[in-house]
Every structure is written in structure tokens, then in C-alpha cells.
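What follows is the residue order along each chain.
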Amino acid sequence: MITVAHFPMLPVLLALHVLSVVIWVGGMAFVTTVVLPALARLPAAERIPAFLEIERRFGLQARIWVLVAGASGGAMLAQLHLTILVGTSHGLWLDGMIAFWAFFMFLLFVLEPAFLHRRLRDRGARDGEATRRLLLRGHALLLAIAILVVVTAVLGAQGV
Ligand code: HEM
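Owing to the predicted nature of the structure, the values given are computational and were not obtained by experimental measurement. (Residues numbered from 1 in each chain as written. Predicted model: local features only at pLDDT ≥ 70, side-chain atom pairs only at ≥ 80, totals over all residues. Heavy atoms only, no water.)

K.L.:
Looking at this structure, how should I read the layout of surface pockets?
P.N.:
Rolled over the atoms, a probe as big as a water molecule pinpoints where empty space is left. Reported here for the largest pocket is a volume of approximately 1,000 Å³. Lining the largest pocket we find 36 residues, and of these Leu-14, His-17, Met-76, Trp-93 and Met-97 sit closest to its centre. Contributions of two or more residues to the lining of the largest pocket are made by helix H1 (10-38), helix H2 (44-79), helix H3 (92-126) and helix H4 (128-157). Here the lining of the largest pocket takes nine residues from H1, the largest share from any one element. Of the residues that constitute the lining of the largest pocket, the class distribution is 28 nonpolar, eight polar and no charged. Counted as a void, the second largest pocket has a volume near 600 Å³. Of all the secondary structure elements, the ones that give two or more residues to the lining of the second largest pocket are H1, H2, H3 and H4. Considering each element in turn, the lining of the second largest pocket owes the most residues, 12 residues, to H3. In terms of residue class, the lining of the second largest pocket is built from 18 nonpolar, five polar and four charged. (1 Å grid on protein atoms, 1.4 Å probe; cavity = no way out; pocket = protein on both sides within 12 Å on 5 of 7 lines; lining within 4 Å. Points joined across faces, edges and corners; volume = space filled by probe spheres on them. Helix = DSSP H or I, 4+ residues; strand = E, 2+ residues; numbered from the N terminus. Nonpolar A, V, L, I, M, F, W, Y, C, P; charged D, E, K, R; others polar.)

K.L.:
Please clarify how the packing of H2 against H3 should be interpreted in this entry.
P.N.:
The geometry of a pair of packed helices is captured by two quantities: the angle between their axes and the separation between those axes. Taken N-terminus to C-terminus, the directions of H2 and H3 make an angle of 160°; their axes are 10 Å apart at the nearest point. Comparing their axes, H3 and H2 come out roughly antiparallel. In this structure, the crossing between H2 and H3 has a hand that is left-handed. Along the contact surface, H2 presents Ile-48, Phe-51, Leu-52, Glu-55, Ala-62, Arg-63, Val-66, Leu-67, Ala-69, Gly-70 and Leu-77, while H3 presents Leu-94, Ile-98, Trp-101, Met-105, Leu-108, Phe-109, Glu-112, Pro-113, His-117, Leu-120, Arg-121 and Gly-124. By residue class, the composition of the contact of H2 with H3 is 16 nonpolar, three polar and four charged. (Axes fitted to C-alpha atoms, helices over the stretch in contact; angles between N-to-C directions. Parallel < 35°, antiparallel > 145°, perpendicular 65-115°, else oblique. Left-handed = near helix turned anticlockwise from the far one by under 90°. Contact = heavy atoms within 4.5 Å.)

K.L.:
Before we go on, may I ask you to explain the coordination of the iron atom of the ligand in this structure?
P.N.:
Any two of four tetrahedral donors ideally make an angle of 109.5 degrees at the metal, while pairs among six octahedral donors ideally make 90 or 180 degrees. Distances from the iron atom of the ligand to its protein donors, namely His-17 (NE2) and Met-97 (SD), fall within the range 2.1 to 2.2 Å. Around the iron atom of the ligand, the six donor atoms are arranged such that angles at the metal cover 84 to 180°; this shape is classified as octahedral. Taken together, the positions of His-17 in helix H1 and Met-97 in helix H3 put the pair 80 residues apart, joining distant regions of the chain. With a relative accessible area of 13%, His-17 lands in the buried category. By relative accessible area, which is 24% here, Met-97 ends up partly exposed. (Donors = N, O, S within 2.8 Å, 3.2 Å for Na, K, Ca; no water. Tetrahedral: all angles 85-135°; square planar, octahedral: opposite > 155°, others 65-115°. Buried < 20%, exposed > 50% of the residue type's maximum accessible area, 1.4 Å probe, protein only.)

K.L.:
Help me out: how do you make sense of the site of the ligand in this one?
P.N.:
Near the ligand you find 20 residues, and of these His-17, Gly-73, Met-76, Leu-77 and Met-97 are the closest. Between a nitrogen atom of the ligand and a side-chain N or O atom of His-17, the distance comes to 2.9 Å. Mapped onto the shell around the ligand, the elements with two or more residues apiece are H1, H2, H3 and H4. (Near = heavy atom within 4 Å. Polar contact = N/O pair within 3.5 Å; in protein donor to acceptor, adjacent residues only side chain to side chain.)

K.L.:
Looking at this model, I keep getting lost on the nonpolar core. Mind explaining?
P.N.:
Soluble globular proteins: nonpolar side chains tend toward being buried together. Core analysis: the largest hydrophobic core is formed by 17 residues, its most contacted members being Trp-24, Met-28, Phe-100, Phe-104, Leu-108 and Ala-146. Elements supplying a minimum of two residues to this core: H1, H2, H3 and H4. Ignoring any residue separated from it by four or fewer positions in sequence, one finds Phe-104 in contact with Trp-24, Met-28, Phe-109 and Leu-142. Judged by nonpolar contacts, the second largest core, of nine residues, contains Val-31, Leu-39, Ile-48 and Leu-120. (Core = buried A, V, L, I, M, F, W, Y, C linked by side-chain atoms within 4.5 Å.)

Printed below as a string of C-alpha cells:
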């Protein structure tokens, strides 16, 4: 078993990894359970512009923390020699983390800047309430998957 004595940076990487996940997934939870429901109190035409303004401010933070999660996770994966588990039935907890991370990299660095925000702005101008509900459903689904990934990561790291 590889311990801190073999690899003294391990606790630092794990702390950075968990911190990045806490801020990133915590932000998603706040947007899903607080921001999107609260937007229903605004006039319909203002809902999506307000959402995009809030999202723009959290977006930069989310990009940074997703990069930190990937870098720290990748370094631990290599140092703990866990790459042999990736893609096997014993490494599903690792596959879950990597797949979730890869999806968010694509979402934040490709889809959003390329067209997602523009599409949302156009759709929101036509029907602010339907677009808010769509966003709420999408965020709730992603949050549920994030919780599943966190729980399986902790269980997997314990060898359960
Ligand atoms: C490229 C992406 C990622 C890689 C390569 C990766 C890899 C790792 C590795 C190697 C560990 C240490 C396991 C151990 O201590 O034996 C770990 C821990 C953890 N990861 Fe990831 N991870 C990634 C993304 C994520 C994501 C997206 C989440 C959650 C949304 C996540 C949540 C966690 C949690 C909660 C732990 C702590 C487990 C514990 O020690 O109890 N990781 N990750």
C-alpha cells in the first residue's frame, strides 16, 4: 500500500482536490437550489439575463476549480498507480470522476463560449419562464450526478 511516507505531496493534492470539488459542486448546489428558484420572483423577461450575469461571475471560478480538480486528481492517479483500475469493474468510482470532469471541461470551455450562452439568451428573450425551468431541470440532474460521483469516490477510495 502506498502511504504518505512514499509520497509526501499526497495529503496536499488530496486537500486541493477535495477543496476544488467542494467549491465547484457547492456552487452548483447554490445555483440549483437558491438562484434558479429565486429568479421566478423577477419579471419573466429579466430571468435569463439575471441568470447569465450570475453565471458569468461564477463561471470563471468554476473553470479554475475544474482545472485544479483535474490536475490534482491526475497527479494522484499517477502517483497511487491507480491508472490500472481505470476502465475496469473495480475502477468504476474513478471512471465516474473522470467522466464527470471531462463533461464539465467540454461544457465550460467549449459549449458555453461557442453557443450555449447565446442560445439561452435568445430562448430566454422568447420565453423566460420556460427557459428558467429548463435550466432548473438541467442543473438538478447535474447536481444529482455530482452527488453520486462524490459518494462513489469516497466509498471507492475506502475500498468499499
Ligand atoms: C480527471 C478527473 C479526476 C481524477 C483523475 C480524480 C482522481 C482521484 C484520485 C486518484 C483520488 C484519490 C483516491 C484515493 O485516495 O485513493 C480522488 C479523490 C476524490 N475525488 Fe477525484 N478525480 C477526478 C475528478 C473528481 C470529480 C469531478 C469529483 C467530484 C465531483 C471528485 C471527487 C473526489 C472525492 C470526493 C475524493 C476524495 C475521496 C476520499 O479520499 O475519501 N473527483 N480523485
